[in-house]
Every structure is written in structure tokens, then in C-alpha cells.
Amino acid sequence: MSEPLLEIRNTTKIFGGGFLQSSPQTIAVQDFDLTIAKEPATITTIAGESGSGKTTLANLILGFISLTSGQILYKGHDIATMDERQKHEYRREVQAVFQDPYAVYNPFYRVKHIFDLVIKHFKLAENKQEARELIEHALNVVGMRGEEVLEKYPHQLSGGQRQRMMVARAYMLRPRLIVADEPVSMVDASLRAMILDIMLRLRDEENISFLYITHDLSTSYQIGDKIHILYQGLVTEKGDTSKVIEHPHHPYVQELIDSIPVPDPNEKWDTTISLPSEEELRAHVESGCRFYPRCPHRMDHCLTKYPPLYRIDGLDHQAACYLYDEGVVGTDQELDVIEKEKVTSELAT
Amino acid sequence: MTLTWDMQDAKSTDDRDVVLEVKDLRVHYATPLGDVIACNGISFKVYEGETVGLVGESGCGKTTTAMGVLRLVQPPGRIVEGEVLLDGVDVLSLNEEELRRVRWNQISLIPQGAMNSLNPVMRVKDQIGDAIQTHESRAREAVKERILELLNLVGLPARVYNMYPHELSGGMKQRVCIAMAIALNPSLVIADEFTSALDVIVQRVVAQTMLDVKDRLGMSMILIGHDMGLQAQLVDRIAVMYAGNIVEIAPVEDIFEESLHPYTQLLIESIPSIKERKPLKVTEGLTHDLRNPPPGCIFQFRCPYVMEHCREVEPPLRELKPLHEVACHLFEEQDGKIVDISDESVV
């Protein structure tokens, strides 16, 4: 196998708890691994609730914050120890699109400004004519025309238009990877598809990989190739997006998918779920599974050590849950329960 | 496919008491370049014990409609005309004191981002107590009893009574807001995006609490939101808004299965599914300038079925079958059937 595009090795980020700080440590991301291959381009989803560490991960990859331990390699080079030339290349080839398309623009400048800045910084064009052509081409890729938008001020554009322009700006640099942190969560439903479609086209036609960071499993199901689902900084389940979402194995992921409101009035929630009290949830699980306080299948064994990733089927699909460790006493019964539930739910549908 | 319906069935719904009737509500926002028409003649009814969903994209006037109903429109906005009949009384013609009595007693609001509007230096008991005592004179003991009862109703433990907002999680704060909204047993609660900042699982728990409380108290509810999945789970009827107008209003099953207005269809098709992987449906989303609505239909620039007629005459909101109203020239009622006039087919 050739060298991967991006490789995240055993990465951990801990906030707080320093030498003079009395506040407890917060483990934002723990022992995270991820590989994105050079070919073919893929859309990898990092999903999780608020506080699960997904944005911390984006910030680590983009180099906004430094790692506590572990390594992030881009084309084989550690991003923490890159020289100036490599850093410049990394900055160009790894681009970002953020959640809020309203906050990234400076309201005093015309929107053209965001394109001019990058062209100047990366010396993409020799003269104005060339620059204009570059911008025009990038805008065409996202379905816009320069004369319609470039001379406008940000407030004159809709949220969907602004977000598409951010993608166009990223595209103009011919990146290999775009880190997209919740790119559609502030865009209206009927326009969301357009941005997702642009991501798919860039992947297929321009060979640009995406790291799609989101809390919305439905959209990642529609466009994602691989998925990693985080809970309190740790991966609970990962694998092919369709496999993980159609057949979730980790109890947390099962609960998560079950809680997504189905847009069908004939398929209403028929069960009620309840959350344990706040104290129980906040009680830090020192060792063992973080999902223990909420888990319907919890076993004593779960508190001994954080469960490693167990293989579900194939190489890729893995879940961090002792239910799938064949060596653990008592799991067979638990597995039976899960199997039975699966069969009944399949029968019901 | 032919749709027939039972007129008897429709009668029985009409017999239900109307809690709220909004008639031709118009709200404008003044800007230096002319008025933005945020509500362009909104009319709808809410029946007793019913949940009505108000959906549409950002900027379509959902929240403005709610603010109009509560007479809370802030300058530069103003209510230009219309009637808001709450149990038969026009809210828009009340004086300040009468209005104060109606608010919270008969109609209450869970505003957008309500959980972040709790006062950080007031205990939960004082915040809820404030709401109660402003409107009712009760003995202190009775108020305490009522607050504990409310907390219990929304599924919060009694110890929350003495806690500060920062000690609560998002879901718990949202429940405190629900408890406040129902404190005086209003006949109507308006909830604006009441789960929008919550995680999926917490959202589900809060939404179920809301439904449960509503059923127990027999109130009516208007749920403003953009999440069609959540609407499908929670509401009885849906009003779809586009650029300040209601374009379709119908029972939730009809909206999801037999929607008529092209915009509603677009909205339904663009819901990302978690059940099946399907190709994305991409549409251009250019809206007109809200200051200068074009003559004719407001959806004409985005409508795939636009006809010459649509550019000239504004389609009125008509009841094509019982409880199913739509504002579109495409459909006509003929002998109890809905006919698509573009190709004469029966819908």
C-alpha cells in the first residue's frame, strides 16, 4: 500500500489540568486513529454529539491546537515538525470549510476579498486577468457566476450562497483534503442538498477527500464512505457508513440512530427512552466504558477497562464494546438479547 | 389515484372548539429601502387539544407569525392589519392591561433558545415563581407546591427547585422552560424551535416530555420548526410557510404523503433519510426580494410547474378537501376530486 494522504496515529488531546491549574483535566480526544488514502478520494465522517471531541479533532488536523500525544502525518510528514516549505504546501493542500457561513466573512469587504487574499498569499496568479479566471472557474464548480456575486457584500448573499463560496475558495487552491466542520447545519433544508452534491462532485471529479464533521447522521449516510462515531472523545464504532448506520452494534450508536426523528407520521416513536440522572452522567467513569451510566446492556466487566475495538464483520466495521468480545463471560446472553431485538425490529419493518 | 373522503368525518373536526383563529395577519418590518413583508396575510386555526406545526426555511416568517399572535412584534416591525382571535377575543384590540392578563394565562411562549434566556443568578424556584406571581396572587406555600408539581410534570427531580441554571444540562434547562410555559395552565403554548440546540437523544426525551405534558393538560400547541422529522413525530397538522405566506396547510399524513404545493413537495424530498440512500435532489434556491414581491404566485421563481397564469394572479389559499388547504393554481376541485389542471389528471 502506498503512503496514505493523512494518517492520525493514536492521538490524544487533553485540556486543562496543567501544573498550576486546579481544574480537572478534560480528555477531548483519546487514542484516535484514522487513515485517509491518497487514491481514491473519500468522504470520511466524524460524527458525535456536542462535546464528543469532533471539533477538537478538526482543530488538531488543521494545526490550530497542538497534540498532547500521538502523531498526525500528512504524506508521511509529521505536521508538528514540518519545515516551512512543507508547512506552506500543507496549508494549501488541506483546506477548511466551517459551520457558520455568516461569521467567516468580514462585513466591510466585498466577498471578492476572500478570493483575493488566498490568491495573494499563495501567489496563484500572475495578473488580474488570470486571477479573475481562477475565481470564475472555482465559482462555476459550485454553480455560481462571478458577475452575480463577487462585487456584493456578504449580507447581500444567502447562507447557502456564502457556504458555496467558501467551498469555491477552498477548491481554488486545488486541495487534496477539505476539513468540513458542520458545513450544512446552518443552511436551509432545500439548499443543503446542493452543498452535499458539490462535495460528492469534488470527490469524484477532482479527487478531493473530505473529512466531514457532523452531528447529523442522516446527511453522512447520504454521502459518506467511512464513518467514525465518537462518544466523549473515544471512538465507539467505525466502518463503512452504510454498514454502521444500517446495522449499528454499539449500544450508544443504536440509541443514537433510534432517536433520529423519522420523517414519516406513520412511523412514530413507540418506545420511550429515559436518561439517567445528571449526577450519574457526570460521574466520571475513571476506567472502563464511558457509556456505562447510560448503557442498557452494561455488565460489571465494562468498568474494568475501556473496551478496545472489536471486529464486527469484515476488516473495517469495528465497535468498542465488550458485547462483541467472544472471550467475555456473560456476553453470549447479552448478544442473544441484541440478536433477538434485531430480529423483531426487522420483522416489524 | 383517486382521493375520496368522508364528509361526516370532516364535520366532526369542525365541531371541535377553535382555540386560536388568525385572520389575514400582516406584519411588516420597516427598512430604509421599503417595508419587508414578513407576514403577508396569514390565516389559520388551531383547534382544542391540537398541535399545529409551522414549518419553512429561515426568514420565511415563522417566528414573526408567532410574535404577531402574541403581539410581541418589536420595532422596526409592526402589525399592519389582521385579527388574532383567542377564544373569540381579538388580542390585537386589547389594551395593555387586558393583554397582560391574556399572556401566560391563556397563551404562553417558549422562545427560540429559551434555555439560554434563564437568568443565571436566579434559582429555578424564583424564576418559575416570578412567572406565577406576576399573574396570580397565591400564598407562598401554594406557589411552592405548584412549582414542585410542575417540575414533576416535566420529569425533573424536586431538587432542581433550589438549583441555578448553570447546574443543569441543556435538556433540563429546556424542561424548566416548558414548566414555566405551562405554569398557569394556558390553553395554547407556542414553542419556537424548542429542541434546536439539543443532542438527538436529549431532543427525543424533551420532545416526548412535551407531548406527554400536552396530552395530560389538554392544551393546544403551535410548534415552530424546520426539522421535518421532528414535525412528523409531534404534530397533527402542518402549515408550510414560504416567503411570508402559508402555501399549504393539511393534516401531517397528507403533507408527507399527498402534498400538493410544489414547495411542500420540494421540502419533503429534501429531507435526508436515515433509512435509504438515495440520490440528492438539488434545486436552485433564489427567492425574490421580500420588499417587492412579484405579481402572482410568490413561488414562481423556483416552481418547476410555473404557468403564465401564476405570474399574473396570486393563488388564494383554498380548501380543496376537508382540512387540506393549498395556495396553487395547479389544482382545481371537481366533483369531490382534486384535478391537476396542467394535464387534467386526477391527483
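Details of the structure are given in the entry above.
Right, let's walk through the structure included here.

Here is what the cut-offs are and how they apply
- Residues numbered from 1 in each chain as written.
- Chains lettered and ligands numbered in written order.
- Predicted model: local features only at pLDDT ≥ 70, side-chain atom pairs only at ≥ 80, totals over all residues.
- Heavy atoms only, no water.
- Pairing = 2+ DSSP bridges.
- Helix = DSSP H or I, 4+ residues; strand = E, 2+ residues; numbered from the N terminus.
- Contact = heavy atoms within 4.5 Å.
- Buried area = accessible area lost by both parts, 1.4 Å probe.
- Salt bridge = Lys/Arg side-chain N within 4 Å of Asp/Glu carboxyl O.
- Polar contact = N/O pair within 3.5 Å; in protein donor to acceptor, adjacent residues only side chain to side chain.
- Nonpolar A, V, L, I, M, F, W, Y, C, P; charged D, E, K, R; others polar.
- Phe/Tyr/Trp six-rings, centres within 6.5 Å; stacked < 30°, edge-to-face > 60°.
- Buried < 20%, exposed > 50% of the residue type's maximum accessible area, 1.4 Å probe, protein only.
- Lys NZ or Arg CZ within 6 Å of the ring centre and 35° of its normal.

Comments concerning the sheet that holds strand 5 (residues 89–90) of chain B
Here's step 1: Strand order in this open sheet of four strands is 2-1-4-5 (chain B), and the pairing throughout is antiparallel. Edge positions in the sheet fall to strand 2 (34–47) and strand 5 of chain B, since each has one partner strand and no second.

Focus on the interface of chain B and chain A
Here's step 1: Each partner contributes to the interface: chain B provides 45 residues, whereas chain A provides 48 residues.
Here's step 2: For the pairing of chain B and chain A, the buried interface totals around 4100 Å² over both sides, and the portion due to carbon and sulfur atoms is 57%.
Here's step 3: It is I201, R204 and I274 of chain B in chain B that bury the most area against chain A; as a group they hold 20% of the surface buried on that side.
Here's step 4: Taken together, the links from chain B to chain A amount to two salt bridges.
Here's step 5: Ionic pairing is found between D258 of chain A and R204 of chain B, a salt bridge with its closest N-O pair at 3.5 Å.
Here's step 6: Connecting chain B to chain A are nine residue pairs in polar contact (both at pLDDT 80 or more).
Here's step 7: Sorting the residues of the side of chain B that touches chain A by element identifies helix 7 (200–217), helix 8 (228–234) and helix 9 (252–257) of chain B as the ones contributing at least two each.
Here's step 8: Looking at the side of chain B that touches chain A, the element that brings in the most residues is helix 7 of chain B, giving eight residues.
Here's step 9: Residues belonging to the side of chain B that touches chain A are distributed by class as follows: 20 nonpolar, ten polar and 15 charged.

Structural notes on the packing of aromatic side chains
Here's step 1: If you walk through the whole model with that rule in mind, you get eight aromatic pairs over all chains.
Here's step 2: Ring centres of Y242 of chain B and Y263 of chain B lie 4.7 Å apart, and the angle between their planes is 55 degrees; this geometry places the pair in the tilted category. Placement of the pair is Y242 of chain B in strand 9 (residues 237–242) and Y263 of chain B in helix 10 (residues 262–269), with a sequence separation of 21 residues. Comparing Y242 of chain B with Y263 of chain B, the two get one shared label, buried.
Here's step 3: Residue classification places Y263 of chain B among the buried residues on the basis of a relative accessible area of 1%.
Here's step 4: An aromatic cluster is built from Y231, Y252 and F291 of chain A, whose rings are joined through pairwise contacts.
Here's step 5: Lying over the aromatic face of Y292 of chain A, R298 of chain A brings its terminal NZ or CZ to 5.1 Å of the ring centre.
Here's step 6: Above the ring of Y221 of chain A, the side-chain terminus of R277 of chain B is found at 5.8 Å from the ring centroid.

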